[in-house]
Amino acid sequence: MLTSIKGKSVIVTGGSKGIGRGIASVFAKQGANVMIAARGAEAAEAACDAMNAEGCSTKWTSCDVSDWGSVQAMVQATADAFGGVDIMCANAGAFPQTKIAEMDPEEWDQVMATNLRSAFLCVKACIPHFEKSGKGRVVLTSSITGPVTGFPGWSHYGASKAGQLGFLKTAAMELSRYNTTINAVMPGNIYTEGLQDLGQEYLETMAASIPLKRLGAVEDIGNAALFFASDEAAYITGQQIVVDGGQIIPESLEALEEI
Ligand code: NAP
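Reading the values: the criteria
All residue numbers refer to positions counted from 1 along the written sequence of the respective chain. Two thresholds apply to this predicted model, a pLDDT of at least 70 for residue-level local features and 80 or more for giving and counting side-chain atom pairs, whereas whole-chain, interface and lining totals are computed over all residues. Just so you know, side-chain values use all the structure's heavy atoms and leave hydrogens and water out. Note on conventions: DSSP H or I runs of at least 4 residues are helices, E runs of at least 2 residues are strands, and numbering of each starts at the N terminus. Working definition: with a 1.4 Å probe on protein chains only, accessible area under 20% of the residue-type maximum means buried, over 50% means exposed, and in between means partly exposed. What sets the accessible areas is the Shrake-Rupley method with a 1.4 Å probe; for residues, cover comes only from the shown protein chains. In this tally Asp and Glu are treated as negative and Lys and Arg as positive; neither His nor the chain ends contributes. Lysine's charge is taken at NZ, arginine's at CZ, aspartate's at CG and glutamate's at CD. One heavy atom within 4 Å of a molecule or strand makes the whole residue count as near it. Lys, Arg, Asp and Glu make up the charged group, whereas Ala, Val, Leu, Ile, Met, Phe, Trp, Tyr, Cys and Pro make up the nonpolar group; the residues left over, Gly among them, are polar. The rule for pairing is simple: two strands pair if DSSP sees at least two bridges between them. Note on geometry: axes are C-alpha line fits, over the in-contact stretch for helices, and angles between N-to-C directions span 0 to 180 degrees. When checking whether two residues touch, look at their non-hydrogen atoms; a contact exists if any pair is within 4.5 Å. Each patch is built from residues that are more than 30% exposed by relative accessible area and take part in no salt bridge. Like charges join if they lie within 9 Å; nonpolar side chains (Val, Leu, Ile, Met, Phe, Trp, Tyr) join within 5 Å. The working definition used for a salt bridge is a side-chain nitrogen of Lys or Arg within 4 Å of a carboxyl oxygen of Asp or Glu. Under this scheme an angle from 65 to 115 degrees is roughly perpendicular, one under 35 degrees roughly parallel, and one over 145 degrees roughly antiparallel; angles in between are oblique. Should the near helix be turned anticlockwise from the far one by less than a right angle, the crossing is left-handed, and should it be turned clockwise, the crossing is right-handed. Helices are assigned an expected span. That span is 1.5 Å times one less than the residue count. The directions from the helix axis to the C-beta atoms are what the arc is built from.

Enquirer: Quick rundown of the overall build of the protein? Include the residues and the values.
Expert: Across its full length, the protein holds nine helices and seven strands. With the C-alpha coordinates of the protein rotated into their principal frame, the extents come out at 55 × 40 × 40 Å. Counting every position in the protein, which comprises 259 residues, the buried fraction comes to 51%. By element, 52% of the accessible surface of the protein is carried by carbon and sulfur atoms, the whole surface being about 12100 Å². When the 18 basic and 28 acidic side-chain charges of the protein are each reduced to a single mean position, those positions are 10 Å apart.

Enquirer: So, the site of the ligand: which residues are in play, and what are the values?
Expert: Near the ligand you find 29 residues, and of these S16, N91, Y157, I190 and T192 are the closest. Considering the ligand on its own, with 880 Å² of exposed area, one finds that the protein chains cover 93% of that surface. For the shell around the ligand, the leading source of residues is helix α6 (residues 193-196), giving three residues. Considered class by class, the residues forming the shell around the ligand number ten nonpolar, 14 polar and five charged.

Enquirer: Run through the sheet that holds strand β5 (residues 136-141), naming residues and quoting values.
Expert: One open sheet accounts for seven strands, arranged β3-β2-β1-β4-β5-β6-β7; its pairing is parallel. Edge strands, defined here as strands with exactly one partner in the open sheet, are β3 (57-62) and β7 (240-243). When the angles between neighbouring strand axes are averaged without regard to direction, this sheet yields 20°. Packed on one face of the sheet, helix α2 (residues 41-53) meets β2 (33-38) and β3 and runs near 175° to β3. Lying on the sheet, helix α4 (residues 105-133) is in contact with β1 (9-13), β4 (87-90), β5 and β6 (180-187); it crosses β5 at an angle near 170°.

Enquirer: Outline a nonpolar patch on the surface, listing residues and values.
Expert: A contiguous nonpolar patch, built from V148, V242, I248 and I249 and spanning about 320 Å² of accessible area, is present on the exposed surface. Take V242: it is sitting in strand β7.

Enquirer: Residue-level account of the packing of α4 against helix α5 (residues 155-175), with values.
Expert: Two elements in contact, α4 and α5, have axes whose closest approach is 9 Å; the angle formed by their N-to-C orientations is 20°. Put simply, α4 runs roughly parallel to α5. Our pair here, α4 against α5, has a crossing hand that is right-handed. Counted together, E107, W108, V111, M112, N115, L116, A119, F120, V123 and I127 of α4 and S155, H156, Y157, A159, S160, K161, G163, Q164, F167 and L175 of α5 form the full contact between these two elements. Partitioning the contact of α4 with α5 into residue classes produces twelve nonpolar, six polar and two charged.

Enquirer: Pulling in residues and values, what's your account of α2?
Expert: Taking 1.5 Å as the rise per residue, α2 with 13 residues should run 18 Å; its terminal C-alpha atoms sit 18 Å apart, in good agreement. The set of residues buried in α2 consists of A44, A47, C48 and M51. With its buried residues spanning 95° around the axis, α2 presents them on a single face. Pointing more than 90 degrees away from the buried face of α2 are the exposed residues E42 and A53. Contacts made by the buried residues of α2 are with α1 (18-29), β2 and β3. One or two steps after α2, the chain reaches G55, where phi turns positive at roughly 90°.

Laid out in structure tokens, this is it:
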């Protein structure tokens, strides 16, 4: 199952940490050639070295996913390194927590650029490679926050993640001419460096509100991304899957206490 990933050229944005690192690791362990992209060189290089030490084939490149020139350079570096681009995992994102009353318009724009503009840029930059090979895969990392749930401080973040799903529908139609699919994984609360920054109390409250009673692991998202990227998922496009341990299901606190 899913052996079709072996030898594929994969980009994972935000692959230096957290969910991106988990996605990169899952793909690399399946035999893919993985380009890890992030702004910070040190963490990207460290992630790459750790995976290669386990026999994986990864490289890293510095990239700011909100910048068109930087995204184009990342995609070209991948094509030069691995002979093309088969799979784009547009995962990099930021989630500063600021309530609307206190938020500067600049922060809104920055979150939109990092989370939503980046999805457009990453897809656009890969199109020539998908067209050339006659096939491709895009997997976006969206979120439950925005499309399904809300949380004070994340109006910009939620809008950007819901916006990704709006982008996804038309992108699925436009990419079909290149025999390319695009789908999104919607994580719940996944234990990452970024989530740890929100503090221990946040982590414990969240874990308690999840029916499976734990935060997600980065590999839980990596495995869902792997499925969307596989040949076996060739007929699925424009879709999203929630991977959240059941977090969005309980109707009330009481319902959660019943289990
Ligand atoms: P994280 O631990 O903070 O890691 C974020 C990664 O993205 C890092 O590699 C970071 O590297 C990179 N990045 C951030 N801004 C970038 C930019 N402008 N250009 C290039 N790379 C950039 O975050 P995470 O928790 O793994 O989240 C990853 C994705 O999953 C995000 O899209 C997030 O919204 C989504 N998500 C996370 C959760 C969760 O519970 N953790 C839940 C739902 C959705 P540099 O800083 O070095 O660039």
